[in-house]
Amino acid sequence: MANVYVVGASRGIGLELVRQHLDAGDRVFAFARNPSEAEGLQDLSDKASLSAHAIDMGNDASVTAAAGETGSDSVDLLYIVGGIVGKTEPMLESGDWDTFDDAIEIMLKGPLRVLRAFLPRMSEGSKIINFSSQLAASTWPYGGFYPYVASKAGLNRMMRSVAIDLKDRGIVVGLVHPGYVQTDMGGPDAEITPQESAAGVKKLAEEWTLEKSGDFYKWNGEEHAW
């Protein structure tokens with residue numbers, strides 16, 4: 001039984017990761033902004049091996065408190081799923097810096113806050129899986145999404161640096177594109193279901209080795225171009 005932590009567990013892929021790890025017999029700590037209002041988490045509240053906790057990835061005090069609530073048990077696997085889309089249209093004229101700053105706080109600084117909060121409970125063999133996106137890669141052929149692409153591209157390079165800094169401690173850092181998924185962001189016509197994405201990411205996480213720490217993969221195990 002592994003101790004699994006899912007940050008961004010209220011719906012979609014994060015919630016499905018919670019379900020699949022519970023089904024596998026793991027102990028799961030689920031984090032959401034408002035877990036009491038997350039219907040999917042509430043439906044699982046009778047599971048003895050699940051605990052739900054409030055977290056705001058954009059707030060240092062909230063992240064520290066959320067980590068403290070979970071005690072001192074080891075962190076075997078940490079998924080950092082949560083994020084926001086922000087403005088999708090070009091911001092060349094609007095200059096909506098508040099929206100841009102929110103994206104940076106949550107999707108770039110947020111994962112580092114979370115990692116720092118749980119790092120004292122990590123040791124050799126622990127894994128941190130960061131949810132990135134194909135939009136972060138230089139191969140993405142479309143415009144717009146400025147706050148999102150900037151945050152995810154920054155996350156990719158930052159976590160590559162983190163992977164280098166933690167390699168001597170035997171801690172694995174991964175970056176994953178979860179696919180084009182039928183979630184609130186992807187919409188009903190997306191290519192795969194949350195169940196398929198979560199199953200692929202779970203398998204990928206469990207098989208991720210230290211030699212591949214800092215690399216960028218697709219949900220199905222294929223290496224993703226940068």
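Structural notes, computed from the coordinates. The shown structure was predicted, so the numbers you read here are calculated from the model rather than taken from an experiment. (Residues numbered from 1 in each chain as written. Predicted model: local features only at pLDDT ≥ 70, side-chain atom pairs only at ≥ 80, totals over all residues. Heavy atoms only, no water.)

## A word on the pattern of salt bridges
A complete count under the given rule lists 10 salt bridges for this structure. The salt bridge involving Lys-109 is made with Glu-105; its shortest N-O contact spans 2.8 Å. Residue Lys-109 and its partner Glu-105 are both found in helix α4 (residues 97-118); the two are separated by four residues, about one turn of the helix. On the basis of relative accessible area, Lys-109 is assigned to the partly exposed category, the value being 38%. Given a relative accessible area of 26%, Glu-105 falls into the partly exposed group. Glu-222 is the partner of Lys-218 in a salt bridge, and the nearest nitrogen-oxygen pair spans 3.4 Å. Overall, Lys-218 belongs to the partly exposed group, its relative accessible area being 28%. Ionic contacts of the salt-bridge type, sharing partners, join the residues Asp-60, Glu-105, Lys-109 and Arg-113 into one network. (Salt bridge = Lys/Arg side-chain N within 4 Å of Asp/Glu carboxyl O. Helix = DSSP H or I, 4+ residues; strand = E, 2+ residues; numbered from the N terminus. Buried < 20%, exposed > 50% of the residue type's maximum accessible area, 1.4 Å probe, protein only.)

## A short note on the sheet that holds strand β3 (residues 50-54)
Pairing is parallel across the open sheet formed by seven strands, whose spatial order is β3-β2-β1-β4-β5-β6-β7. Bordering the open sheet on either side are β3 and β7 (216-218), each of which pairs with just one other strand. Averaged over neighbouring strand pairs, the angle between their axes works out to 20° when direction is ignored. As defined by bridge partners, strand β1 (residues 3-7) adjoins strand β2 (residues 27-32) across five bridges and the pair is classed as parallel. Paired with Val-6 across the strands is Ala-30, a residue of β2. Helix α6 (residues 194-207) contacts β4 (77-80), β5 (127-131), β6 (172-177) and β7 of the sheet and is inclined by roughly 145° relative to β5. (Pairing = 2+ DSSP bridges. Axes fitted to C-alpha atoms, helices over the stretch in contact; angles between N-to-C directions. Contact = heavy atoms within 4.5 Å.)

## Here's the deal with the nonpolar core
Ranked by size, the top nonpolar core spans 33 residues in total, and within it Phe-31, Leu-78, Val-114, Phe-118, Met-122, Ile-128 and Leu-166 carry the most contacts. For this core, the elements supplying multiple residues, two or more each, are β1, β2, α3 (60-69), β4, α4, α5 (146-166) and β6. When residues of this core are assigned to their parent elements, the largest contribution, seven residues, is made by α4. Residues within four places of Ile-128 in sequence aside, it is in contact with Leu-78, Ile-80, Leu-115, Met-122, Leu-166, Ile-171, Val-172, Val-173 and Gly-174. Core analysis: the next-biggest nonpolar cluster, separate from the first, contains 30 residues, Leu-17, Val-81, Ala-198 and Val-201 among them. (Core = buried A, V, L, I, M, F, W, Y, C linked by side-chain atoms within 4.5 Å.)

## Brief notes about the packing of aromatic side chains
Aromatic rings considered in pairs are described by the distance between their centres and by the relative angle of their planes. One pass over the structure, following the stated rule, counts seven aromatic pairs. Plain terms: the ring middles of Tyr-5 and Phe-29 are 4.4 Å apart, the flat faces sit at 10° to each other, and that makes the pair stacked. Here Tyr-5 is found in strand β1, whereas its partner Phe-29 is found in strand β2, with 24 residues between them in sequence. Taking the relative accessible area as the measure of exposure, Phe-29 reaches 3% and is therefore buried. The interplanar angle of 85° and the centroid separation of 5.3 Å between the aromatic rings of Trp-208 and Tyr-217 together place this pair among those described as edge-to-face. Of the two residues, Trp-208 and Tyr-217, both sit in the buried class. (Phe/Tyr/Trp six-rings, centres within 6.5 Å; stacked < 30°, edge-to-face > 60°.)

## Let's talk about the pairing of β2
Looking along a regular strand, one sees the side chains alternate between the two faces of the sheet. Counting buried positions over the six residues of β2 gives five, a clear majority of the element. For the crossover that starts at β1, traverses helix α1 (residues 12-23) and ends in the parallel β2, the hand is right-handed. Two elements, β2 and β3, share five bridges in a ladder whose sense is parallel. Bridge pairing in β3 places Val-28 opposite Leu-50. (Right-handed = clockwise from strand over helix to strand, strands pointing away.)

## Here we look at the packing of α1 against α6
The N-to-C vectors of α1 and α6 enclose an angle of 60°; their axes lie 9 Å apart at closest approach. The way α1 lies across α6 gives a crossing that is right-handed. Contact residues: Gly-12, Ile-13, Glu-16, Leu-17, Gln-20 and His-21 in α1; Pro-194, Gln-195, Ser-197, Ala-198, Ala-199, Lys-202 and Glu-206 in α6. Residue composition of the contact of α1 with α6, by class: five nonpolar, five polar and three charged. (Left-handed = near helix turned anticlockwise from the far one by under 90°. Nonpolar A, V, L, I, M, F, W, Y, C, P; charged D, E, K, R; others polar.)

## Observations concerning the pairing of β6
Judged by how many residues are buried, β6 sits mostly within the fold: six of six residues are covered. In β6, alternate side chains face the same way, and those of Val-172, Gly-174 and Val-176 on one face and Val-173, Leu-175 and His-177 on the other are all buried. The sheet contact formed by β5 and β6 spans five bridges and is parallel. Residue pairing in the sheet places Lys-127 in a bridge with Val-172 of β6. The β-α-β motif built from β5, the intervening α5 and the parallel element β6 has right-handed crossover chirality. Examined bridge by bridge, β6 and β7 share three bridges and lie parallel to one another. Among the inter-strand pairings, Val-176 is bridged to a residue of β7, identified as Tyr-217.

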